[in-house]
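Observations on chain architecture
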Number of protein chains: 2
Amino acid sequence: MINRLIENIKKTEAPIVVGLDPMIDYVPSYILNKAVKEQGETLEAAGEAIWEYNKGIIDAVYELIPAVKPQIAMYEQFGIPGLVAFKKTVDYCKEKGLVVIGDVKRGDIGSTSAAYANGHLGGVQIGGRKCYGFNEDFITVNPYLGTDGVKPFVDVCKEEKKGIFVLVKTSNPSSGEFQDREIDGKPLYEIVGEHVANWGEDCMGDSYSYVGAVVGATYPEMGKVLRKIMPKTYILVPGYGAQGGAAKDLKPYFNEDGLGAIVNSSRGIICAYKQDAYAHLGEEGYAEASRQAVLDMKKDISSIF
Amino acid sequence: MINRLIENIKKTEAPIVVGLDPMIDYVPSYILNKAVKEQGETLEAAGEAIWEYNKGIIDAVYELIPAVKPQIAMYEQFGIPGLVAFKKTVDYCKEKGLVVIGDVKRGDIGSTSAAYANGHLGGVQIGGRKCYGFNEDFITVNPYLGTDGVKPFVDVCKEEKKGIFVLVKTSNPSSGEFQDREIDGKPLYEIVGEHVANWGEDCMGDSYSYVGAVVGATYPEMGKVLRKIMPKTYILVPGYGAQGGAAKDLKPYFNEDGLGAIVNSSRGIICAYKQDAYAHLGEEGYAEASRQAVLDMKKDISSIF
């Protein structure tokens with residue numbers, strides 16, 4: 001799957017990923033109203049509305065980008081109907097040829113991580129059949145529990161030729177509280193980064209590992225160090241745009257081959273119609289606004305090479 | 001909710017929680033076969049089977065225990081139908097008067113943690129109505145992202161009078177890989193423990209905080225230290241039984257009031273019918289075996305006071 005992600009990046013000339021993280025107040029009112037009219041003020045209506053909203057965006061941008069990253073929390077907040085919308089979104093994006101990175105940040109003790117890995121990347125055996133739960137291409141993983149909490153994900157990646165991105169240095173303001181603390185003269189995120197490189201060593205695609213890392217765009221100095229510590233690791237970079245990360249800061253996340261990183265934007269793309277620059281397209285033009293925002297992001301990102 | 005948890009513990013005289021973590025091979029074959037006969041070898045059949053299996057156990061044990069802890073991964077592995085079974089289990093346990101601890105180990109950047117908090121503890125506003133997704137009483141939370149990743153959970157706890165248990169020192173073998181690393185002469189888990197005590201300070205129940213901690217039974221020396229660092233923090237203790245933690249090691253997790261900790265057992269209870277001690281009850285007696293195992297666990301745990 002890491003090979004296919006890289007292929008898609010080369011084909012679209014865009015090391016970017018669109019975060020499909022729908023909040024109810026991002027959804028244009030005509031879409032939400034229609035769903036509420038049909039299903040009342042219910043979770044079902046919310047699920048239907050975010051799915052319709054997503055579909056419009058996907059149709060408008062899929063040819064321009066290599067991958068999407070739905071954040072499962074934004075679906076999980078609507079309970080089962082929200083997760084039905086998540087699953088529909090995953091399936092639809094895959095149909096459209098996009099690589100799907102489920103931003104789920106799961107991680108637990110070994111046997112439990114194995115269940116998450118099976119639910120999101122692999123399958124479960126039911127009688128004589130292997131059945132797939134969510135079946136994303138990649139997911140994000142939390143490393144706090146250590147190797148035996150991460151290993152089951154790596155095992156399923158090998159088996160299914162899928163991938164993970166492990167949290168190393170997150171984009172949020174207080175990420176340093178634990179991640180930056182010094183241990184034997186090194187910050188924790190470097191130590192986690194070393195583990196990530198190590199976990200990925202024996203499951204390599206053509207040039208990069210199945211095991212990637214998450215490093216926030218908001219900490220470019222750390223990105224530079226981590227790039228060196230994890231030379232064969234693809235880096236998923238959140239925090240560009242709405243969270244404050246700028247294109248000029250992103251160069252250190254890439255390798256000299258122009259690969260090695262993929263930059264996420266969520267709000268900046270999916271909620272573009274609410275920005276001054278695209279407001280002229282109106283609410284009904286939300287998908288076109290997303291398309292324009294993707295084109296603008298591609299231009300911005302390409303300026304760093 | 002922390003007050004109600006403590007009330008339930010006092011009423012049942014049992015500082016224990018049953019982990020409802022169904023694996024497909026725990027489910028008695030007559031239950032699985034019936035579901036497969038009706039719905040084929042599908043995720044739907046698996047979801048129906050684990051719900052039937054859970055219901056039998058809940059009916060057999062609910063009067064003996066204060067709380068249950070369904071591990072969401074074990075449901076998520078079966079996709080949407082698995083999560084439907086999770087939701088049914090949560091609702092049914094609440095109907096039976098049990099406190100429900102959703103073992104979800106979520107945690108993300110602020111806005112995303114807020115969505116998880118709303119999905120699991122609070123609700124979402126859809127038009128004029130507040131709708132509830134999963135609506136557990138407590139959930140577990142991963143602290144790797146720091147204060148702004150945990151704070152949204154605390155905020156919802158205050159609003160809804162619910163609770164969280166934050167991972168401090170987990171029960172798995174490699175938990176020490178990051179959690180035990182020394183920072184300014186102190187292991188990371190102690191620093192996280194200090195934060196947990198701090199996060200919980202301004203949301204107190206009568207005697208304990210809404211913000212609890214997870215500390216594995218498998219590390220009693222660390223439990224002792226953490227008990228002192230977090231005197232008003234309820235400690236959820238996984239790792240008893242199947243993972244190797246013994247009753248004699250659990251005393252340090254409790255305060256002198258006999259409160260302050262609740263010990264989880266999952267496999268040891270729900271899969272009791274496969275143990276030699278209860279095998280005479282047979283597969284059809286799996287619920288009665290769980291009941292016997294709860295009674296035995298209560299006796300074992302009470303021996304430490």
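Residues numbered from 1 in each chain as written. Chains lettered and ligands numbered in written order. Predicted model: local features only at pLDDT ≥ 70, side-chain atom pairs only at ≥ 80, totals over all residues. Heavy atoms only, no water.

Considering the overall build of chain A
Under the convention used in this document: Note on conventions: DSSP H or I runs of at least 4 residues are helices, E runs of at least 2 residues are strands, and numbering of each starts at the N terminus. When accessible area is computed with a 1.4 Å probe and restricted to protein chains, residues below 20% of their type maximum are described as buried, those above 50% as exposed, and intermediate ones as partly exposed. Contacts are assigned to residue pairs that have any heavy atoms within 4.5 Å of one another.
When its secondary structure is counted, chain A shows twelve helices and twelve strands. Taken along its principal axes, the extent of the C-alpha atoms in chain A is 60 × 55 × 35 Å. Evaluated residue by residue, chain A yields a buried proportion of 64% over its 305 residues. Pairs at least 24 apart in sequence give 74% of the contacts found in chain A among residues at least 6 apart.

Some thoughts on the pairing of strand S4 (residues 123-126) of chain B
Where we set the bar: Should DSSP find at least two bridges between two strands, the strands are taken to pair.
Pairing between S4(B) and strand S5 (residues 129-132) of chain B: four bridges, direction antiparallel. Bridge pairing links Gly123(B) to Tyr132(B) in S5(B).

Brief notes about the interface of chain A and chain B
We apply this condition: For any pair of parts, buried area is found by adding up, for both, the accessible area (1.4 Å probe) each one loses once the two are put together. A pairing counts as a salt bridge when a side-chain nitrogen of Lys or Arg comes within 4 Å of a carboxyl oxygen of Asp or Glu. A 3.5 Å cut-off defines polar contacts: any pair of N or O atoms within that distance qualifies, except that in protein one atom must be a possible hydrogen donor and the other a possible acceptor, and neighbouring residues in sequence count only when both atoms are side-chain atoms. Under the grouping applied here, Gly and all other residues not named as nonpolar or charged are polar, the nonpolar ones being Ala, Val, Leu, Ile, Met, Phe, Trp, Tyr, Cys and Pro and the charged ones Asp, Glu, Lys and Arg.
Of the residues lining the interface, 68 residues belong to chain A; the matching set on chain B comes to 68 residues. Contact between chain A and chain B buries roughly 5800 Å² in total, counting both sides, with carbon and sulfur atoms accounting for 61%. For chain A, the biggest contributors to the area lost against chain B are Glu41(A), Tyr144(A) and Phe178(A); these three give 16% of the whole. Run the count over chain A and chain B and you get six salt bridges. A salt bridge links Asp108(A) to Lys105(B); the nearest nitrogen and oxygen atoms lie 2.9 Å apart. Seen at the junction of chain A and chain B, the total is 34 residue pairs in polar contact (both at pLDDT 80 or more). Among the elements that make up the side of chain A that touches chain B, the one with the highest residue count is helix H6 (residues 110-120) of chain A (six residues). Looking at the side of chain A that touches chain B residue by residue, the classes come out as 31 nonpolar, 25 polar and twelve charged.

What to know about the environment of Arg106(B)
By the element assignment, Arg106(B) lies in strand S3 (residues 99-106). For the pair Arg106(B) and Phe153(B), spaced 47 residues apart in sequence, the C-alpha separation works out to 9.7 Å. Once residues lying within four places of it in the same chain are set aside, the contact partners of Arg106(B) are Glu76(A), Arg106(A), Tyr116(A), Ile72(B), Glu76(B), Tyr116(B), His120(B), Thr140(B), Val141(B), Asn142(B) and Phe153(B).

Focus: the packing of helix H2 (residues 29-39) of chain A against helix H3 (residues 43-61) of chain A
Packed helix pairs are characterised by how far apart their axes lie and by the angle those axes make with each other. Residue and element names in this part refer to chain A. Rules: Every axis in this analysis is a line fitted to C-alpha atoms, fitted for helices over the stretch in contact. Angles between the N-to-C directions lie between 0 and 180 degrees. The handedness criterion is simple: a crossing whose near helix is rotated anticlockwise from the far helix by less than a right angle is left-handed, and one whose near helix is rotated clockwise is right-handed.
Running from N to C, H2 and H3 point in directions that differ by 145°, and their axes come no closer than 8 Å. Read as a crossing pair, H2 and H3 show a hand that is right-handed. In this structure, H2 uses Ile 31, Leu 32, Ala 35, Val 36 and Gln 39 to contact H3, whose residues at the interface are Glu 44, Ala 45, Glu 48, Ala 49, Glu 52 and Tyr 53. Its residues placed into classes, the contact of H2 with H3 shows seven nonpolar, one polar and three charged.

Notes on unusual backbone geometry
Even without being glycine, Lys161(A) reaches a positive phi, approximately 55°. Mapped onto the elements, Lys161(A) comes out in the loop between helix H7 (147-160) and strand S7 (163-169). Although it is not a glycine, Asn135(B) sits at a positive phi angle of roughly 60°. Looking at the secondary structure, you find Asn135(B) in the loop between S5 and strand S6 (138-141).

Observations regarding the packing of aromatic side chains
Our working rule: Pairing of aromatic rings covers Phe, Tyr and the six-membered ring of Trp, with a centre-to-centre limit of 6.5 Å; geometry is then stacked below 30 degrees between planes, edge-to-face above 60, and tilted otherwise. Whether a charge sits over a ring comes down to the Lys NZ or Arg CZ being within 6 Å of the ring centre and within 35 degrees of the ring normal.
For the structure shown, the criterion picks out 16 aromatic pairs over all chains. Arranged with centres 5.8 Å apart and planes meeting at 70°, the rings of Phe86(A) and Phe134(A) form a pair that is edge-to-face. Residue Phe86(A) is located in helix H5 (residues 79-95), and its partner Phe134(A) is located in the loop between strand S5 (129-131) and strand S6 (138-141); the two are separated by 48 residues in the primary sequence. Comparing Phe86(A) with Phe134(A) shows no difference in burial state: the two are buried. The structure contains a cluster of three or more aromatic residues connected by ring pairs, namely Tyr53(A), Tyr273(A) and Tyr286(A). Over the ring of Tyr62(B) we find Lys96(B), and its NZ or CZ is 4.6 Å from the ring centre.

Looking at the sheet that holds S3(B)
Residue and element names in this part refer to chain B. Strand order in this closed barrel of eight strands is S1-S2-S3-S6-S7-S10-S11-S12, and the pairing throughout is parallel. Examined bridge by bridge, S3 and S6 share three bridges and lie parallel to one another. Residue pairing for S6: Ile 101 is matched across the bridge by Phe 138.

Observations concerning the relation of the copies chain A and chain B
Between the two copies of the chain lies a relationship made up of a rotation around an axis and a movement along it. Spelled out, the test is: Residues reaching a pLDDT of at least 70 in both copies supply the C-alpha atoms on which the copies are superposed by least squares.
When chain A is brought onto chain B, the operation consists of a screw motion whose angular component is 180° and whose axial shift is 0.0 Å, with 0.0 Å RMSD remaining. What we have between these two chains is a two-fold relation. When each C-alpha of chain A is compared by its distance to the rotation axis, Ile183(A) comes out closest, at 2.7 Å.

Considering the sheet that holds S6(A)
All names here are of chain A. If you walk around this closed barrel you meet the eight strands as S1-S2-S3-S6-S7-S10-S11-S12, and the pairing is parallel. Its contacts with the sheet place helix H9 (residues 188-200) against S7 and strand S10 (211-215), and it is angled at close to 165° to S7. Set on the sheet, helix H12 (residues 286-302) makes contact with strand S1 (16-18) and strand S12 (261-265); between it and S1 the angle comes to about 155°.

Details of the environment of Phe254(A)
Residues and elements named next belong to chain A. Inspection of the secondary structure puts Phe 254 in the loop between strand S11 (235-237) and S12. Judged by its relative accessible area of 7%, Phe 254 is buried. For the pair Phe 254 and Lys 224, spaced 30 residues apart in sequence, the C-alpha separation works out to 8.8 Å. In contact with Phe 254, not counting residues within four places along its chain, are Pro 15, Arg 227, Leu 259, Ala 261, Val 263, Ile 304 and Phe 305.

Some details on the pairing of S7(A)
Residue and element names in this part refer to chain A. Note the cut-off: Handedness rule for crossovers: strands pointing away from the viewer, path from the first strand over the helix to the second running clockwise, crossover right-handed.
Summarising burial for S7: seven of the seven residues are buried, a large majority. Pairing analysis gives four bridges linking S6 to S7, with the strands arranged parallel. Across the sheet, residue Val 141 finds its bridge partner in S7, namely Val 166. Crossover handedness for the path S6 to H7 to S7: right-handed.

Remarks on the environment of Glu48(A)
Residues and elements named next belong to chain A. Within the fold, Glu 48 resides in helix H3. Note: C-alpha distance between Glu 48 and Glu 194 (146 residues apart in sequence) is 42 Å. Apart from the residues within four sequence positions on either side, Glu 48 is in contact with Ala 35, Gln 39 and Lys 88.

A look at the confidence of the model for chain A
Rule in force here: Per-residue confidence from the predictor is reported as pLDDT, which spans 0 to 100.
The pLDDT averaged across chain A works out to 97; a share of 100% of its residues lies at or above 70. Two numbers describe this predicted complex: its pTM, 0.97, and its ipTM, 0.97.

Re H2(A)
Residue and element names in this part refer to chain A. Basically, it comes down to this: This arc is built from the directions going out from the helix axis to the C-beta atoms.
Where H2 is concerned, the buried positions are Ile 31, Leu 32 and Ala 35. Projection of H2 onto a plane perpendicular to its axis shows the buried side chains occupying an angular sector of 95°, all on one side. Of the exposed residues in H2, the ones pointing more than 90 degrees away from its buried face are Lys 34 and Lys 37. Buried residues along H2 sit in contact with H3 and H12. Just downstream of H2 lies Gly 40, where phi reads positive at about 75°.

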